[in-house]
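# What the coordinates show
Here are the chains, one letter per residue:
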Amino acid sequence: MARWCYRHRLVVLVLWVGALFGLGAAGTSAGTDYSNVFSLPDTDSKQAYDLMTKAFPQSSGDTDTVVWRSSGDAGPVTGTAVRSRIEPALKEIAGMRGVGEVAGPYEKNGAARISRDGRTAYAQITFTGQANEVPKDLVQKVVDTAQGTERDGLQVELGGQAITRIQEPPTGVSEVVGIAAAAVVLFLAFGSLFAMLLPIVVAIMGVGSGMMATMLLSHVTNVPEVAPLLGSLIGLGVGIDYALFIVTRHRRGIQRGLDPEESAVRALNTSGRAVLFAGGTVCIALAGMLVMNLRFLDGVVIATSLTVVLSVLAAITLLPVLLGLLGPRVLSRKQRRRLAAAGPDPAEASGPAARWSAYVQRRPRAIAAMALVVMAVLALPVLSLRLGATDQGNNQESTTTRQAYDLLAEGFGPGFNGPLQVVVPGGADTTELVRTIRATDDVAQAAAAPPAEGITVIQVVPETSPQSVGTDRLIDRLRDDVIPEAGVEAHVGGVTAVFKDFASVTGDRLPYFVGAIIGLGFLLLLIAFRSLVVPLTAALMNLIAAAASFGVLVAVFQWGWGTEFLGIGKEGPITAFLPVIMLSLLFGLSMDYQVFLVSRMHEEWVHTGDNARAVRVGLAETSRVINCAALIMICVFSAFVLSGDMEGAMAGIGLAAAVALDAFILRTALVPAAMHLLGRSNWWLPDWLEGRLPHLAVEAAEPPAAPPTEPIKGAGLIKTAEPMESSSTGGATVVHGFLRTFDGDPLAGASVTLVSRGGRQLDRVTSLADGSYIVSVPAPGAYVLAVTAHGVAPRARHITVGGGPLVYDVELTDDGADLVN
């Protein structure tokens, strides 16, 4: 498929551009129909909600609040000076098209909207539609009209979901910042503008298609508003990373002597396979959210999985097209000049990555111990994790919604922003129940509304804030003690109770969810790498990474370490659904890095059977690209702090921390150190299990060797029957030459080995008395020629063999062997 896409570039490019613009046109014309459906069957708050829907079937639009506070010489809010400014503004707002009703404190039965000290009052504005349906220009007009009444001594603020929408930064700011940061990292890594653009273009195509498709799907299924944000977050991360892995392999192939088409095909046949496998593991991890049986998460699974699938599809079909369009220009000018002047690069990895890999091999115990200590310290805060919900009290202090929240809390008590509803069905007498609730600890107010349809609703205002532990305890006290003792059937509802139940349900089902995604990941790695230890190690590392990342999340968002500095508002509990989403994404991304790291190790292990070499080579050749990919993901995820959404900021910071810890500590240090300590047992699999597992190759099989001509053996040297004939058809040929010492003396008895690019030994001979050698080459291509002799260090060099015999003379010194053409 890669070769077909490479050769039919125009067709594939037109299909992708047409699909993107087609989805964009359809999505724009259809619009969005996102909905936040919190369905919690068999919970007390759900029963209360159902009863209230029955009693009040008229579904009103979004209700927002205008709050004003007088101070100094302005007098009380009921005074003429304040009322003459506020009342005309409320009437003007009530007359705006799209506003259904305005209930203020200056009308009949409005005294309850004035605080006891007479300094704070509020009015409720009910729009004709839900918050996401209210035009932003209408909301802005309401805000401007209300705040236009401010003067010295009179502060006016607004709160509510519709008001929140106009505080959000422009759509796409976080994505643009993330892409810009990723572009800088890619340019530093590649040194080429064209190569830098490739992963970004692929990611934009995948994410753009995914977002447009999600918009359309919102009309046929429930997709929450946070789903597109999370979809773009994970889509940008994996889209850039997947393309990065393939482009890196392609560039390496060109630098080692392959022509661009063959290099692209091999890159897709190796790294492309790993991308397919990694994308599948991410989707499986995301699908694990379905185990939670929460309808709210179904839309998140759809949006994120669809974006990941399209990102993978772009990486394996669109990327070969772009590689074909660029050709050798995927390398920088400097790299192209060096390739032309010095020839192909050696096959063995070198540089800082190779030196670090060798260091890990020498000191695995110390490195493993240090990594474990760091992760354990970072995981400590997770012991105080508390799930809940964010509200406008968590917004930045400069926002009008946060200030309105604080004014209401100051004037009417902290619990006013999160009242509870005790719903009593059956027309029962609630007089005694109301009296008992008022006498309950932590209750500030309790009043029953007139019954409707035989259902009475008691409004209960706690003394503590909605996010307080005291409010959670009050809900439990009402359900477990107060209502049963009153002898009536009643259910506790309200937004605060709904989120408490959501957190409880999430906590109860979380172990099943974690078990499901760990089990599926274990099974996939077991089949891919034919090992019991590798998937067990991966599962343990994923749990360690999850604990440490949630520790960082608790410290920042729950303890408030740096929230104001980061511009993400006030500390509070961790959003109840975030652990499920974060664990899905974290396990999927961690599996990506595990697959790319271990697949290279496994490839080396299959060809050499040397665990130490397999781990060392695998780490040396993948650590740099894994760290680069992780740095890109950190940039993309961290940029979502600018999204204006608290849940998006939590997910961004949490995932950025998780990726950093996973890539820079676990995959670069702890995993290879542990694999060095485990030795050959890394690849152990019982014989009875080996025969029962299906075969799933992550890395490509070694290209089949062309059958060599009949060998003639003599004096320890294998010679082909027709060693000197040129093969114009691309068949077998030879490499031959002489081995000599530094002084020019012939070197007899040295071993000369020809090794494939994948590490498989193809031929091995011993030099004759005159130092001559000849090794069989199955087909033209890139190989490694290794020379070892007694008393000198072994040395290997990369060679490229054409259609005819290649002459290589070898001069060995005390420091190793220099191969001289």
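Analysis parameters
Residues numbered from 1 in each chain as written. Predicted model: local features only at pLDDT ≥ 70, side-chain atom pairs only at ≥ 80, totals over all residues. Heavy atoms only, no water. Helix = DSSP H or I, 4+ residues; strand = E, 2+ residues; numbered from the N terminus. Contact = heavy atoms within 4.5 Å. pLDDT = per-residue confidence, 0-100. Axes fitted to C-alpha atoms, helices over the stretch in contact; angles between N-to-C directions. Parallel < 35°, antiparallel > 145°, perpendicular 65-115°, else oblique. Nonpolar A, V, L, I, M, F, W, Y, C, P; charged D, E, K, R; others polar. Pairing = 2+ DSSP bridges. Buried < 20%, exposed > 50% of the residue type's maximum accessible area, 1.4 Å probe, protein only. Salt bridge = Lys/Arg side-chain N within 4 Å of Asp/Glu carboxyl O.

### Section: the environment of Gly98
Along the polypeptide, Gly98 turns up in the loop between helix H4 (80–94) and strand E2 (99–103). C-alpha of Gly98 to C-alpha of Thr126: the two residues are 28 residues apart in sequence and 9.1 Å apart in space. Discounting chain neighbours no more than four positions away, the residues touching Gly98 are Phe127, Thr128 and Leu138.

### Structural notes on the confidence of the model for the chain
Per-residue confidence for the chain averages 82 on the pLDDT scale, and 90% of its residues sit at or above 70. By mean pLDDT, strand E11 (residues 711–714) is the weakest element of the chain at 31, and helix H14 (residues 364–379) is the strongest at 94. Counting interchain partners and residues more than four positions distant, the pLDDT-below-50 stretch residues 701–730 has 48 contacts. In the predicted structure, residues 816–821 sits below a pLDDT of 50 and forms 24 contacts with residues beyond four places in sequence or in another chain.

### Observations regarding the packing of helix H22 (residues 611–638) against helix H23 (residues 646–678)
Contact geometry of H22 with H23 gives a least axis separation of 9 Å together with a crossing angle of 175°. In terms of their interaxial angle, H22 and H23 are classed as roughly antiparallel. Of the residues contributing to the contact of H22 with H23, the split by class is 17 nonpolar, 6 polar and 2 charged.

### A short note on the sheet that holds strand E3 (residues 120–127)
The 4 strands are arranged E2-E3-E1-E4 in an open sheet whose pairing can be described as antiparallel. One side of each edge strand has no neighbouring strand; the edge strands of this open sheet are E2 and strand E4 (154–159). Sheet twist, expressed as the average angle between the axes of neighbouring strands with direction ignored, equals 20°. Seen against the sheet, H4 touches strand E1 (63–70), E2, E3 and E4 and runs at an angle of roughly 155° to E2.

### A short note on the environment of Met292
With respect to the helices, strands and loops of the structure, Met292 is situated in the loop between helix H10 (260–287) and helix H11 (295–326). The class of Met292 is buried, set by a relative accessible area of 0%. The spacing of Met292 and Val580 is 288 residues in sequence and 8.5 Å in space, taken between C-alpha atoms. Setting aside its immediate chain neighbours within four residues, Met292 contacts Leu297, Thr506, Arg509, Leu510, Phe513 and Val580.

### Description of the pattern of salt bridges
Counting across every chain of the model gives 16 salt bridges. The partner of Arg3 in a salt bridge is Glu261, with the nearest N and O atoms 3.3 Å apart. Within this pair, whereas Arg3 is found in helix H1 (residues 2–7), its partner Glu261 is found in helix H10, the two being separated by 258 residues in sequence. When its relative accessible area of 30% is taken as the criterion, Arg3 is described as partly exposed. A salt bridge links Asp406 to Arg402; its shortest N-O distance comes to 3.2 Å.

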